[in-house]
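A structural walkthrough
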Amino acid sequence: HLGYYGRLIPEKGIDILSQLSTDDDCSNIVFHVWGEGNHYNASYFRQPLSNIQFHGSFSTAHELQSVFNILDGYLLLSTHSEGLPVSILEVMSAGIPWLATNKGGIPDLFIDNFNTSIIDYRSDYTVIKNAVLVFADNIRLKKIDPALIIKHYQQKFSTESIIHQWNKMLS
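What counts as what
Residues numbered from 1 in each chain as written. Predicted model: local features only at pLDDT ≥ 70, side-chain atom pairs only at ≥ 80, totals over all residues. Heavy atoms only, no water. Buried < 20%, exposed > 50% of the residue type's maximum accessible area, 1.4 Å probe, protein only. Helix = DSSP H or I, 4+ residues; strand = E, 2+ residues; numbered from the N terminus. Contact = heavy atoms within 4.5 Å. Axes fitted to C-alpha atoms, helices over the stretch in contact; angles between N-to-C directions. Nonpolar A, V, L, I, M, F, W, Y, C, P; charged D, E, K, R; others polar.

**Things to note about helix α3 (residues 86-93)**
Listed as buried for α3 are Ser87, Ile88, Leu89, Val91 and Met92. Buried positions along α3 lie against β1 (2-7), α2 (61-70), β4 (73-76), β5 (98-101) and α5 (146-156). Where α3 terminates, the next one or two residues include Gly95, which has phi positive at roughly 80°.

Next up, the structure:
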């Protein structure tokens, strides 16, 4: 169960997720999408996309926890700069591995090649598909360490860590 949540705009890789969902090589992966946007709505996801489930948007911490309970991995296939994506920080806080493009600050969140995967944002479909398949295999083969992901998040990106880093820098 791999998925994306956030703004549903072309720059977030929604078309690639849709294409992956119809690819026979990805038939053992269920793709989940949460969000809203003018480009992609519920009717878009009613197309014959065999392995994609559209869940609509959510807004509460309880609903976010429900998303975490479904996902085995998070995908962010952006083609525009991201800064430090809140969605990746959120999934890291829950110990969920991710695969994303190398736009903006995403590489700053990298841990290792199993728990986090980064591909070039200019990659063609075949490269992206192969990266997703390797990512899914790493999850299936239990090469992922949720405790390591959480520890990395807590040490570098948690509220407490950021406050400590700012206090250290300002003192």
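More follows now that the structure is in view.
**Brief notes about the packing of α5 against helix α6 (residues 159-170)**
Helix packing for two helices is described by the angle between their axes and how far apart those axes are. In contact at an axis separation of 5 Å, α5 and α6 are set at 35° when each is read in the N-to-C sense. Where α5 abuts α6, its residues Gln154, Gln155 and Lys156 lie against Ser161, Ile162 and Gln165. Split into classes, the residues belonging to the contact of α5 with α6 amount to 1 nonpolar, 4 polar and 1 charged.

**Concerning the environment of Gly37**
Structurally, the position occupied by Gly37 is in the loop between β2 (31-36) and β3 (52-54). A sequence separation of 28 residues divides Gly37 from Ile9, and the C-alpha atoms of the two residues are 6.4 Å apart.

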